[in-house]
Amino acid sequence: MTSTRKLSLLAATIGALLLTGCGDAETTIIEKESIEVDDSTEDDHDHSDDEYLIDSLGRLAVLTANSSTAIYDLDDGSELDTFSLTYASSTLTSSADYRYAVIASRSDDYVGFIDSGMWREDHGEHLHDYEQGPAMSDYEITGSRPTHIVKHDGQMAIFFDGDADSSTPASVQVVSDTDISGETSVLPTLNYTVNMHGAVEPKDDYLLSTVRRDDAESTSVAKILPDQVALYHLHDDEYEQEQVLDVLCPDLHGGAQNETYAVFGCSDGVLIAHEHDDEYEAEKIVNIDVLDSLRIGTIYGHEESDTFIGIAAGHDAGESILIKIAPEDSEMEALEWQPETDASPVAYGFSYEGDMFLVLDSQGYLNILSAHDHDGETHWELEQSFDISDEDIANMPDGMNFSMTVAQNGNYVYVSDPIAEHVLQIDLETIEVVSDIELGFAAASISWLGVAEEHDH
Amino acid sequence: MYKISRIVALVSALIPASLMAQSIEGVVKNSEGNAVKGALITVEGTSAKTLTNSDGRFVFNDLKAGLNELHISASGFAHLYQDIVLTEDGVEALALTLIRSPIEVIDIVGTPIHMSVMESASPVSVLSGETLRRQQASTLGDTLEKLPGVQSNFHGNVASTPIIRGLSGPRVLIAQNGLDVSDVSRVGPDHSVATEASTSQQIEVLRGPATLFYGSGAIGGVVNVVDGRVPTDNTTRGEWLLETNSADEKKLASFNVTTGYESFGFYADGFWHESEDYEVPVEAEVEEEEHDHEEEESHDYVVENSSEKSNGFTLGASYLFDAGYVGVAVEQFNREYGIPGHSHDGDVNVYADLEQTRIQLLSEINIQSEWINQVNVRGAYTDYEHSEIENDAVGTLFENDTHEIKVDVLHNPLSDWNGGFSLHFKNSDISAVGEEAFTPPSKSETIALALMEEKHFGDVLLQFGARIERVTIDADDVLLPVLEAHEHEEEEEDEHDHDHGDEETATRVFDVAHKFTPVSLSAGLVWDFTPGYNIGLSVSRSERAPSAAELLSFGAHIGTNSYEVGALFALDGEEIGLSGETIDLETANNIDLTLRKTQGDVAFVFNAFYNQVDNYYYQTNTGLFVESSHDHDDEHDHDHDHDAEEEEHTDELPVYIFETDDVVLNGFEVQVAWQATDTIKATVFSDFVRARLKDGGNLPRTSPLRFGTQFAYVDDSLTAHLDVTRYQSQDHVATDETSTAGYTMVDASVSYDLPVSNQDIMVYLKGTNLTDTEARVHTSFIKDIAPRPGRSFAVGIRGNF
């Protein structure tokens, strides 16, 4: 009968399985190359834990004109990988701890990330560096019109302007590199009820962020610009307003902070905020005469620098005036050095230790200012205007410009020359080009990535 | 019988299906001759089922000619089996009598052979209906702990997992509707199980042959959480519940509803609960003896960091057709809970944020073919993520992506053998990233074939199961760091001159591939040696492939406060290197004896078991310590005024290494129930397990002897329960383990049916730990810092429609 035959067939099959594999256990171990840097003979009595660290110049993210981003190895100038981007109109910056390239597209409500593959973890008893291939992260942060992205002390705050047309209010989301690697689903968020072109400064569990009042009340000329700053405190993933600073800041635009102060640009001066007895105090440094009708709309600050540099520029990008802002003395003053009239600045930045301020201009000059102490006052003086390009500026591709990015692990700045299609590494100590990376294409912008070194205090 | 059925099979195979429709009519009564309403009658091997009406009557149409086995069950009665041979055109009229059973008999769903606490070769337990609602807790372990043979590893109200006869962790498989729950709860006692009791219909605890349909890992048993997420019919019904509890200020809301339209069934459930740090009768942490006894000013003791909040919902839909159903359900499960004892110092509270998305496809199709009568397909995709967060930063991120598919094929009786086989495939990607990533990323794959059969030989039911499996575990980057471990005796200035000279200093990296072929066999019989009694005997030999965590771990696991090293490695002097030993399967040889009295005013179940596990993977203390100084301040931390005391959290973690040894577990469970009157029932129970190493010594965290009584009063509108459970002290401890004192838990509950509308609405009051006693759970990893909650009262309201 078939039934018995089938049964016996099944039994035979099982029997065969039993015979061939009964209780089999097989382990194959293939030793791979050891991680030398990952040495664990950590001697508790001798904290020379350099052996966990990777000595590298870092990596460079290069945004191309045709919406892709390439990651280069700065040690040997080789291209590690190229990633095509979803959206055409993207901007490039780095994440708060420089592990990720941050790709933002304001018009597409998109913020995405590329993992440079280099990062550092604090393993408690030692710092531990990692070096891997770059990779596009699946993680995205969405929000309406991501506009200003600021970073401070391991936090990156994204100001989403919102959109008046669709009545989408503004918001702020704060993301750390750990959030990006862990793909945190709910980020600390500040939700507004109205859209605005605002500014935010993150500090620990707090945000100093702008407030747009009712248009009837607002002292701003352009109502989309806020005119107040408030302190927000994080509770359960949500920032809640704790205090509104009592100094108005009409047409607020631009902000920066150092260890003690946060500074915001207003049409009538700059607003200075600092913490005092658990409360924030605010004061205004009013505009000086040299500004005339201009106002400070962009501010650069550095954790280690007592003074801020404010940029006052006309709307037609004609002249720019560089202003030193000294919150401790409640004063501002124009720098002695100002850009040449025919060379408009295209990029600004502090060196990684904050003792130099770099102004890259449209003529291909890297103007290096350094801080000098005169009777307790900081003065910014020109060290050198360093010509970084031999090319004819007239050949600059349309819509492109020189760009730069400051290394965070040494006194280097990287400058991209879209005409020569290369990136130069410039040593700021000696002010000379120490190496160049041939791209073979024109870079729209560049951003340094890797393991930032701590500043000496 | 054999001959008849063969002829019938032959005849029925020749007749077209449409001609085979037969009917049975019958009436179900109790022994006093009164009609039993609402008794469920099913026909074995088909999906036909019906309930008796108020006169106890039922009708079946469309049965096929030949032997039909009816299975009649009703609450409070013993199950009844009745074999009926239907002839070509005969209409049977049956009179069936059910006999009372004080021990509730509930069938296990989803196994090809029917099993229940009273009728299978090896013990199974089920929690369902009212009892489930009364005992449900936030965690699976606490929900099941009143079942004989099951205890909880009580992890501070937040992450408890069941221990079955002294076995837990990777040896107990947790399933949701028959499919792996796919979380990381098998890896760490502080990891919560991603299931919810408040929306489930029944929770089954299986041992013996039935487990082989789930996986070989389940040598300790299977816990299957069953709910109705894929509806099998489209009757509109539902259940809702609101509850609040005092000790932890828990608030719970849950509902589930099933409905349908024509051929479609729809299901939705949702739950939400939130609780605060729970109160305890004594200071949570066990004090050092010499503590100045400040006059106890306040009694507001809580277990810090034991709050919890969870929520989730499930949506399901199914297509119902004559031969069965097919449906899909999507579940989102979120839980955020504090991890008591997971803090490195007083200020840093660590909590876990768990998120799981589960998609299940369930289908059952009856096939009118010569050989096969039913095909059940179950598939799931789960995406699990669980981050452990300290200082608002993700410390460790555990991920588990699992794909699973299981096809059960049940055959028509073959020479009176009932049963089927199951093909099973499962693929899991597990990783842990971050500071406490003590297990490297790995990929596990299982392909299995299982067979389960049963046959009645007169008074004897024979059941057997077999499973063969291919398990592979691949990990590309298994790290072997050079561990700077030291012994502890040497006091502060342990002057190690670390002249390591030209020793190896690099972390070695291995590509490890394991391939296992575990084979498990199980056989059992149930002998109804005299009416109303039976004896069950079950023997099994199960092989288990060790899990990735048991093999490949290397790192600090703060959940258990230890530095864990997998069995791939071994200690050589003070250094840890690759173990030269073969990585072998764990083999359990189990014998299980059950004596039951199934009917009458007094019923009982006695189980005794002897389980010898060779190559049992377990952690042993190496006596070494590693420093794990967690610096919680990040680099740029200028603002925190931590300067006061340069906190250098130099916790030292003991190093535990997985080794294998032969162990023996034996013990018993006893349950005696007496239905004193129609409304009053008394139950006494006890369970015990002794877990020891064959060469001497005990396994750690073994549940103590437990006994207790349960009194129940149930009438039409009022139900009252009083449970008294005594946990004895446990002094069978492992090295470095402390003994734990015994305690008595007194719980009571009263519920009242509100006479309103067409809904059944019930209000209830529950009191737990009424004597407010200090109860430290020996099976808990954190018994010294998290005792059970103190006296607590819960009130709730619940409805059915």
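Positions within a chain are numbered from 1, following the residues in the order the chain's sequence is written. Chains carry letters from A onward and ligands carry numbers from 1 onward, assigned in written order. For a predicted model such as this one, the threshold for reporting local features is a pLDDT of at least 70, and the threshold for listing and counting side-chain atom pairs is 80 or more; totals across whole chains, interfaces and linings nevertheless cover every residue.

Thoughts on the nonpolar core
Worth spelling out the cut-off: By definition, a nonpolar core groups buried Ala, Val, Leu, Ile, Met, Phe, Trp, Tyr and Cys residues that are joined through C-beta atoms within 7 Å. Buried, partly exposed and exposed are defined by the number of other C-beta atoms within 10 Å of a residue's own C-beta, namely 20 or more, between the two limits, and 12 or fewer respectively, with C-beta atoms placed from the backbone. What counts as a contact here is a pair of residues whose C-beta atoms, placed from the backbone, lie within 7 Å.
Tyr 414 and Val 415 of chain A are the most contacted members of the largest nonpolar core, which totals 110 residues. With near-sequence residues (within four places) excluded, Val 415 of chain A lies in contact with Leu 360, Leu 366, Ile 388, Phe 402, Met 404, Val 423, Leu 424 and Ile 426 of chain A. Grouped together as the second largest cluster of nonpolar side chains are 104 residues, Tyr 214, Leu 480, Val 613 and Tyr 616 of chain B included.

Regarding the sheet that holds strand E32 (residues 412–417) of chain A
All names here are of chain A. To be explicit about the condition: When DSSP finds two or more bridges between a pair of strands, those strands are recorded as paired. By the criteria applied, helices consist of DSSP H or I runs no shorter than four residues and strands consist of E runs no shorter than two, each listed in order from the N terminus. A fitted line through C-alpha atoms represents every axis, and for helices the fit uses only the stretch in contact; the resulting angles, taken between N-to-C directions, go from 0 to 180 degrees.
Ordered in space as E31-E32-E33-E34, the 4 strands form an open sheet in which the pairing is antiparallel. Two strands in the sheet have a free side with no partner beyond their single neighbour: strand E31 (403–406) and strand E34 (432–438). Averaged over all adjacent pairs, the angle separating strand axes in this sheet is 25°, with direction ignored.

Quick notes on the environment of Gln 338 of chain A
All names here are of chain A. Within the element layout of this structure, Gln 338 appears in the loop between strand E26 (331–334) and strand E27 (345–350). Gln 338 sits in the partly exposed class, given 17 other C-beta atoms within 10 Å. As a C-alpha pair, Gln 338 and Leu 322 span 16 residues in sequence and 6.4 Å in three-dimensional space.

Looking at the sheet that holds E26 of chain A
Residue and element names in this part refer to chain A. Sheet architecture is open: 4 strands sit in the order E23-E24-E25-E26, paired in antiparallel fashion. In this open sheet, the two edge strands, each paired with only one partner strand, are strand E23 (296–300) and E26. Neighbouring strand axes in the sheet, compared pairwise and without regard to direction, differ in orientation by 30° on average. In this structure, strand E25 (residues 320–326) lies alongside E26, joined through 4 bridges in antiparallel fashion. Bridge pairing in E26 places Ala 326 opposite Glu 331.

So, the environment of Val 43 of chain B
All names here are of chain B. Structurally, Val 43 can be placed in strand E2 (residues 40–43). A count of 19 C-beta atoms within 10 Å places Val 43 in the partly exposed class. In this structure the C-alpha to C-alpha distance between Val 43 and His 71, which are 28 residues apart in sequence, comes to 6.2 Å. For Val 43, the contacting residues outside a window of four places in its chain are Ala 48, Phe 60, Leu 63, Asn 68, Glu 69 and Leu 70.

Quick look at the pairing of E31 of chain A
A regular strand places its side chains on the two faces of the sheet in alternate fashion. Residues and elements named next belong to chain A. The pairing of E31 with E32 spans 4 bridges and is classified as antiparallel. Pairing of Ser 403 across the sheet is with Ser 416, part of E32. Hairpin connection between E31 and E32: a loop of 5 residues separates the two successive antiparallel strands.

Looking at unusual backbone geometry
Peptide bonds are, in most cases, trans, and in most cases residues other than glycine have a negative phi. The phi torsion at Arg 145 of chain A lies on the positive side, around 55°, for a residue other than glycine. Within the fold, Arg 145 of chain A resides in the loop between strand E10 (135–142) and strand E11 (146–152). We classify Arg 145 of chain A as buried; it has 21 C-beta atoms within 10 Å. Backbone geometry at Asn 157 of chain B places phi at a positive 65°, although glycine is not the residue there. In this structure Asn 157 of chain B comes out as buried when scored by C-beta crowding, with 26 C-beta atoms within 10 Å.

A few points about the confidence of the model for chain A
Residue and element names in this part refer to chain A. In plain terms, the rule: What pLDDT conveys is the predictor's confidence in a given residue, as a value from 0 to 100.
Of the residues in chain A, 89% reach a pLDDT of 70 or more, and the chain-wide mean stands at 86. Predicted confidence is poor over residues 16–21, with pLDDT under 50, and the contacts of this stretch with residues over four places away or in other chains come to 6 contacts. Below pLDDT 50 for its whole length, residues 37–49 participates in 29 contacts with residues either more than four positions away or in separate chains.

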